[in-house]
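The lines below spell out each chain.
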Amino acid sequence: MRILLLVHGFNSLSQRLFVELRDDGHDVTVEFDINDGTLRKAVELFAPDVILAPFLKRAIPADVWQNHLCLIVHPGVIGDRGPSALDWAILEGKGNWGVTVLQAKAEMDAGPIWASETFPVRRASKSSIYRTELTEAALVAVRKAIAGIQTPEFTPRPLDYSAPDVTGRLREAMVQADRRIDWANDTSEDVLRKIHSSDGVPGVLSNIAGKSVFLHDARPAHGLTGTAGEVIATSGTAVCVGTKDGAIWIGHAREPKGEATFKLPTTRVLSGSLTEVPEIPIDAEQGYQEIAYSERGPVGTLRFDFYNGAMSSEQCARLLAAYEMALTRPTKVLMLAGGSDFWSNGIHLNIIEAADNAAEESWRNINAMDDLAEAIIRTESHLTIAAMGGNSGAGGVFLARACDLLWMRGPVIVNPHYKDMGNLYGSEFWTYLLPRHCGDEDAQRINQQRLPMAATEALSLGLADAVFAQSKVDFDAEVAKRADELANAPEYADRLRAKSDQRQADEQEKPLSAYRDEELSRMRRNFYGFDTSYHIARSDFVRKTKKSRTPVTLARHRDKSWQQTDRKAS
Ligand code: COA
């Protein structure tokens, strides 16, 4: 089937549908929703059987939905309508929520229903639920809808509010007043729910330490209490705010106006307003721990839950210190488990954007990433595993590949390329790691193709060593079991020796320092050279500037070679 994905942005759900529907054998192309004219042109060029809209912020023009089957993926249960579906579900503490595939008609979200799925709502941020449970349910619902299209006798059901399973209703767009925190009366749970329902966007506007800011990245602060609404402590880059019955950590915040209206660590956004606030060490039990080390028998595990998977220079340095500490332990296997939502998305573009000198901060950050990657590659005392339960992008993927083994959870999507960030060359030893694991030809292809990749494809290319489990719970359990087996295997000592021998042979052939120097000399040009593409792309990325065109790598219908060959063939 020819499927045109119409999207506001190529977000995690769109990427997942893109790779899975292609794997199902469909011919899939993507068009960003730029304006009606571009959409009409895409439809004319591609002649899709269905236009599928997993992430859209405005209505499809009437002439398009009247003449073509247009299916909208709405993040709500049957009958739910409006632009803040998931926000309301989380704010109102729904135990279950859903996703519905409905046909575009004149009235928004009120067209015939092709499929729907439900899922339990975790206590987590909107983005996290969207990327995990909602994406899984949407994939199932979309596949059902496609099966419906392929079944002549299938008819979608009209929206009928008298049907017993129609539990949703038309809801207004959520505004800041709906999310407002009443510090004197809200419990920690209430505050968490309000921030969770608003995170990643738009956050909750509140007055903290005398400054009005959007709050993001909230976590419970166990064992801490203080005056409601007041900053009672800092730890690392987070601030702890008292509530009626305890306290919460706020890891990130955003200024409503000015140059940097993107998310930054809270202590930075509130700098100058935080006077005489006690500091809790980041590694203290009550501190804001992003990095945690644990041990089970011969297996050590380092978790690093960095918000959005972005790793600043300081975070890389702290992780390196934790890694070096972990290597001193009498364990045999060291596992790098990343965070709950992302394993890693590489250097921290927001912190770089906010720096006085973005080129200098980029340079510092990539060197800190490389220090970490190099330490992993040079490890001889342990076998190392990257356990990738969440998605990864750019340098984060290669950092994971620096480990001896890279295990991925089935639904994980990786973006193992840098070029979309203003033609960034990339580092993290990718020029050493990719050919070694994938072979020269595939290394070249991966680096050029600029497309998201399913875990199964990563496995077939040698980028991953094993892919298993669907849910995070099952993945963690299976990872623990396999890591234990690896540490206790009779061939463990031989494997460790073989790894050291291989490293020494590789070093003889070409020293690691040469790969690093070559990559960094290209990165230096990206950061300091006369071509400012990287700086422009980074600014657009952190400010979420609306795209003005769809890259041809995604919009295959605009690719001249596709027009001349595949189009004629189909
Ligand atoms: N630095 C800072 N923030 C980052 C980031 C990075 N390296 N990578 C992702 N983020 C943020 C996004 O801005 C977004 O923020 P939000 O919470 O305000 O919405 C959030 O993480 C989720 O990212 P998003 O792009 O919405 O996720 P996705 O699943 O749709 O796409 C990627 C994943 C990896 C393809 C995409 O995030 C990306 O291209 N990131 C940049 C990777 C990169 O070029 N790194 C630098 C080179 S090493």
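All of these numbers come straight from a predicted model, not from anything done at the bench.

S.K.: Please explain the domain arrangement of the protein chain as it appears in this structure.
M.R.: Where interface size is given, it is often the accessible area lost as the parts come together that is meant. Taken as a whole, the protein chain is organised into domain 1 (2-149), domain 2 (176-269) and domain 3 (291-471 + 492-527). Computed from C-alpha coordinates alone, the two centres of domain 1 and domain 2 are separated by 31 Å. Contacts between the two partners involve 10 residues from domain 1 and, on the opposite side, 14 residues from domain 2. Of the roughly 970 Å² buried between domain 1 and domain 2 on both sides combined, carbon and sulfur atoms contribute 51%. On the domain 1 side of the interface with domain 2, the three residues burying the most area are Leu91, Arg123 and Lys126, jointly 54% of the side's total.

S.K.: I would appreciate a short explanation of the nonpolar core in the present structure.
M.R.: A general trend in soluble globular proteins is that nonpolar side chains are found buried together. If you look at the biggest cluster of nonpolar residues, it comprises 85 residues, and the most contacted ones within it are Ile195 and Met408. Sort the elements by how many residues they give to this core and helix α11 (residues 358-377) lands first, with 10 residues. The contacts of isoleucine 195, once residues within four sequence positions are left out, are Ile181, Val204, Leu215, His216, Asp217, Ala218, Ile248 and Ile250. Residues Val28, Ala89, Leu134 and Ala454 belong to the second largest nonpolar core, which totals 45 residues.

S.K.: I keep staring at the sheet that holds strand β22 (residues 466-468) and nothing clicks. Help me out?
M.R.: By way of backbone hydrogen bonds, the strands of a sheet pair with one another, either parallel or antiparallel. An order of β13-β14-β15-β17-β19-β22 is seen for the 6 strands of this open sheet, with the pairing classed as mixed. What marks the edges here is a single partner per strand, and that holds for β13 (291-296) and β22. On average, adjacent strands in this sheet sit at an angle of 20° to one another, irrespective of strand direction. In this structure, strand β14 (residues 299-304) lies alongside strand β15 (residues 333-338), joined through 5 bridges in parallel fashion. Following the sheet pairing, valine 299 is matched in β15 by valine 333. In this fold helix α9 (residues 313-327) packs onto β13, β14, β15 and β17 (383-388), with an angle of close to 20° to the strand it touches most, β13. Helix α17 (residues 492-509) contacts β15, β17 and β19 (405-409) of the sheet and is inclined by roughly 90° relative to β17.

Calculation criteria
- Residues numbered from 1 in each chain as written.
- Predicted model: local features only at pLDDT ≥ 70, side-chain atom pairs only at ≥ 80, totals over all residues.
- Heavy atoms only, no water.
- Domains from an automatic or database assignment.
- Contact = heavy atoms within 4.5 Å.
- Buried area = accessible area lost by both parts, 1.4 Å probe.
- Core = buried A, V, L, I, M, F, W, Y, C linked by side-chain atoms within 4.5 Å.
- Buried < 20%, exposed > 50% of the residue type's maximum accessible area, 1.4 Å probe, protein only.
- Helix = DSSP H or I, 4+ residues; strand = E, 2+ residues; numbered from the N terminus.
- Pairing = 2+ DSSP bridges.
- Axes fitted to C-alpha atoms, helices over the stretch in contact; angles between N-to-C directions.

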